[in-house]
Amino acid sequence: MVLRVEPSGGACGARVTGVDLSQPLDPATVTEIRAHWLEHLVLAFPDQQIGDDDLERFTGYFGGFGDDPFFAPIAGRRHIAAIRREADEQTPLFAENWHSDWSFQAHPPAGTCLMAVDIPPVGGDTLFANQHAAWEALPDARKAEQVDLIAVHSARLAYAPDGTYGAKDKGRSMDIRPGEAALAVQTHPLVPAHPETGRRGFFSTLGYIIGIEGMAQDAAIDLLRELYAWQSDERFVFAQKWEPGMLVMWDNRAVLHRATGGYEGHRRELHRTTIAAWNGN
Ligand code: SIN
């Protein structure tokens, strides 16, 4: 199998062809894909004839499944969630704010896989922001102020009973299950070294980050707001356009992502797995 990898030419992302994800992959191919993933941070595999079994098998090659709270899985699967929006749906767009998946967990997922199920003819791009590039472009004086900060993460703004996807969120086609567990907090370094590449970058952003350890709340929110704008500056952003038959995997330790609209009147559905935290093997 000869992989062809075409970098997006943008802040991150590459298109990978020459591999059939409907078939088991040999260890050498998995190793090669992993290396490209760590280099380009977002990989898109177009023109695949795949289903949920293939998505699960592919996820397993990269560390097994993460733990996905607050979503009910699709029928008959424990680890696949549907990111779905019906053509006539009026709810606010799901995941429209920049984030790193489940960054509020003690061991957040290394990555996420999204498989096209129903792709609208226009719009619905997923945007990715390269957080190594965002950190590296920061002036040295700001780096010195921020390098040792510890961020406080929580799912509360999104998934608590009074959060964005809580009791007031009516008419959503996605099966989101808010709960009190979202009130928990978890700390992580604001700019950790990537566990596999050693490259430093911002991890997550305002939203799942709700404060900075040892900093007054007003000052922390001001800093996080400023960083949110910096982290998602257009020079760090790549727009992934979806195609039927496409699978996209990204590195949650290195990029932020967010959904976009622009497909009103059309249905959109993707099946999602998370890749468990890397355990060093
Ligand atoms: C997500 O954040 O999991 C969904 C992204 C998208 O719908 O494009």
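Residues numbered from 1 in each chain as written. Predicted model: local features only at pLDDT ≥ 70, side-chain atom pairs only at ≥ 80, totals over all residues. Heavy atoms only, no water.

Asker: Describe the nonpolar core, listing the residues and the values that go with them.
Answerer: Membership of the largest hydrophobic core comes to 34 residues, with the highest contact counts inside it found for Val42, Phe71, Phe94, Phe128, Tyr159, Trp242 and Val248. For this core, the secondary structure elements donating two or more residues are β3 (42-45), β4 (81-85), β5 (111-118), α5 (156-159), β11 (247-251) and β12 (255-259). The residues touching Val42, leaving out its near neighbours within four places in the chain, are Cys12, Gly13, Ala14, Phe128, Phe238, Gln240, Val248, Met249, Trp250 and Val255. (Core = buried A, V, L, I, M, F, W, Y, C linked by side-chain atoms within 4.5 Å. Buried < 20%, exposed > 50% of the residue type's maximum accessible area, 1.4 Å probe, protein only. Helix = DSSP H or I, 4+ residues; strand = E, 2+ residues; numbered from the N terminus. Contact = heavy atoms within 4.5 Å.)

Asker: How would you sum up the side chain of Asp251? Please name residues and give values.
Answerer: In this fold, Asp251 is placed in strand β11. A distance of 2.7 Å separates the side chain of Asp251 from the side chain of His194, its partner in a polar contact. Within the local environment of Asp251, its side chain forms a polar contact with the backbone nitrogen of Arg253, the two atoms lying 2.9 Å apart. Once residues within four sequence positions are removed from consideration, Asp251 is found in contact with Trp37, Leu38, Leu41, Ala110, Gly111 and His194. (Polar contact = N/O pair within 3.5 Å; in protein donor to acceptor, adjacent residues only side chain to side chain.)

Asker: With reference to specific residues and values, describe the pattern of salt bridges.
Answerer: Taken as a whole and judged by the stated rule, the model has 20 salt bridges. Here Asp175 ties to Arg177 by a salt bridge, and the two come within 2.8 Å at their closest N and O atoms. What makes Arg177 partly exposed here is its relative accessible area of 48%. A cluster of three or more residues bridged by salt bridges with shared partners is formed by Arg84, Glu86, Asp118, Arg267 and Glu269. (Salt bridge = Lys/Arg side-chain N within 4 Å of Asp/Glu carboxyl O.)

Asker: Summarise helix α2 (residues 52-61); cite the residues concerned and give the values.
Answerer: Inspection of α2 places Asp52, Asp54, Leu55, Phe58 and Thr59 among the buried residues, and these make up the whole buried set. The buried side chains of α2 occupy one side of the element, clustering within an arc of 160° when seen end-on. The inward-facing, buried residues of α2 abut α1 (27-40), β3, β5, β11 and β13 (268-275). Directly beyond the C-terminal end of α2, a positive phi value near 135° is found at Gly63. (Arc of directions from axis to C-beta.)

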